[in-house]
Amino acid sequence: MDVNGTVAEGFEPVREAFAANFETLGERGASVAVYRDGQQVVDLWAGTKDIDGTTPWEHGTAQVVRSATKGIAAAVLLLLHQRGQLDLDAPVGHYWPEFKARGKERVLVRHVLNHRAGLPVLDHPLTPEQALDPLRGPAAVAAQAPVWEPGTDHGYHALTYGWMLDELVRRVTGQGAGEWLAAQVTGPLGLDLWLGLPDSEAHRVGRAGRVEGPEPTGGLRARPKRSVTEAYEDPASLTRRAFAAITPFPEQNDPAYRAAALPATNAIATADGLARFYATLIGDTAGASRLFTPETVELARAEESAGPDRVLVVGTRFGLGYMLHGSASPFLAPGSFGHPGRGGALGFADPESGIAFGYVTNGFRKTVTADPRAQGLVRAVRQALGL
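Here goes a summary of the coordinates provided.

Attention now goes to empty space enclosed by the protein. Space left empty within the atom packing is revealed by a probe, the size of a water molecule, rolled over the atoms. Applying the stated criterion across every chain yields a total of three cavities of 30 Å³ or more. The space that makes up the largest cavity amounts to roughly 60 Å³. Lining the largest cavity are Ser67, Tyr156, Phe243, Leu312, Met323, Pro340, Gly341, Arg342, Val368 and Thr369. Counted by class, the lining of the largest cavity contains six nonpolar, three polar and one charged residues. Estimates place the volume of the second largest cavity at around 50 Å³. Around the second largest cavity, the lining residues are Ser31, Asp43, Trp45, His59, Thr61, Thr270, Ala271 and Asp272. Elements that contribute at least two residues to the lining of the second largest cavity include exactly β3 (39-47) and α12 (271-282). Class assignment for the residues of the lining of the second largest cavity results in two nonpolar, four polar and two charged.

In structure tokens:
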């Protein structure tokens, strides 16, 4: 496999790990980018643009990043808080009165971000067509009763996270999260990252699909322990119901799906766009000042939820909108924060080392939180830094 791109001196292990993903882990097309202290030190790509095609992956090829979207979208609420437009400790109903129905008066804004709102499921799942309507998802969540007392426990809000976040942004700014992100962050910074793909960029996005490979270790494995397997197989479990809030799940190569803005699942990015986004959260980059103040960085990565996850059925750790380093989702170091995408993608930042990381792929695997291809690249970065 010919690997294209560059690595800075000392980061050669990342190129080796990236090539190994194609040789031994079934990678079809992918890219990885790493920034250190605001400067790009890794920019690699290889394989084919489409999982089932022959057109080469190019420098600007982008892919849907699934739940890595959550970390991107979280920045919108945290920036609104940083600017004094949103109180994280206010009830959601303060901004969105209709949300108060059915015992949700005490759901706080921070509960949306730390997965403690008690609203991971919909009693009446949405169809794909309904899910793409920016009004239907929030209305469905507003009509839903919590399945546990808000604030008392945590469980991954796989899809409902996005509708709650989007409607909060809309009530505060008059724009959806994707519109606000484009106007305030990705557009001004020139990032190849979209929450709601413009028609003008559609030609850059590769076709994604499933790939098989050796079993991963750590995280939620392809052959997980029985309790996890049973949770995914049981139609009545919170696990199945959370991931079935849209039934059936939309075809992720559908242009209509890509053009919509679902802040839990369908951002589209290049590896460089994802890495530079995280780099700019924690520090200055070429031509851009940092987005998060040091105080906001600490809000993002301060532990808000930890322990057995009522949806994922393993121990998870969350800050405000971000997964934190742990056994279910290993990042670079204990202070890292970011978010994986189910089946592959990963973006995170590590303020102590100044590292920001982005990996995107067209090959989705069975992994939920710790894909072996991404983890191999993270270990290579750790090796390059001598950690």
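Moving on: the packing of helix α2 (residues 69-82) against α12. Close contact between α2 and α12 brings their axes to 11 Å; oriented N to C, the two are set at 35°. For the pair α2 and α12, the sense of crossing is left-handed. Between α2 and α12, the contacting residues are Gly71, Ile72 and Ala75 on the first element and Leu274, Phe277, Tyr278 and Leu281 on the second. When the residues that make up the contact of α2 with α12 are grouped by side-chain class, the tally is six nonpolar, one polar and no charged.

Its location among the elements puts Ala131 in helix α5 (residues 128-131). Residues Ala131 and Gly93, spaced 38 residues apart in sequence, show a C-alpha to C-alpha distance of 22 Å. When residues no more than four places from it in sequence are discounted, the contact partners of Ala131 are Leu126, Trp163, Ile246 and Leu262.

One way to put it is that helix α7 (residues 160-173) packs onto helix α8 (residues 177-189) with a least axis distance of 8 Å and a crossing angle of 65°. Two secondary-structure elements touch here, α7 through Leu165, Asp166, Val169, Arg170 and Thr173 and α8 through Ala177, Gly178, Glu179 and Trp180.

Another aspect to go through is the nonpolar core. Of all hydrophobic cores here, the largest spans 118 residues; its most connected members are Trp163, Leu281, Tyr322, Phe337 and Phe357. When residues of this core are assigned to their parent elements, the largest contribution, nine residues, is made by α2. Ignoring anything within four residues of it in the chain, the contact list for Leu281 reads Ala75, Arg290, Leu291, Phe292, Val297, Tyr322 and Phe337. The next biggest cluster of nonpolar side chains, apart from the first, holds eight residues, and it includes Ala62, Trp194, Ala208 and Phe364.

Parameters at a glance
Residues numbered from 1 in each chain as written. Predicted model: local features only at pLDDT ≥ 70, side-chain atom pairs only at ≥ 80, totals over all residues. Heavy atoms only, no water. 1 Å grid on protein atoms, 1.4 Å probe; cavity = no way out; pocket = protein on both sides within 12 Å on 5 of 7 lines; lining within 4 Å. Points joined across faces, edges and corners; volume = space filled by probe spheres on them. Nonpolar A, V, L, I, M, F, W, Y, C, P; charged D, E, K, R; others polar. Helix = DSSP H or I, 4+ residues; strand = E, 2+ residues; numbered from the N terminus. Axes fitted to C-alpha atoms, helices over the stretch in contact; angles between N-to-C directions. Left-handed = near helix turned anticlockwise from the far one by under 90°. Contact = heavy atoms within 4.5 Å. Core = buried A, V, L, I, M, F, W, Y, C linked by side-chain atoms within 4.5 Å. Buried < 20%, exposed > 50% of the residue type's maximum accessible area, 1.4 Å probe, protein only.

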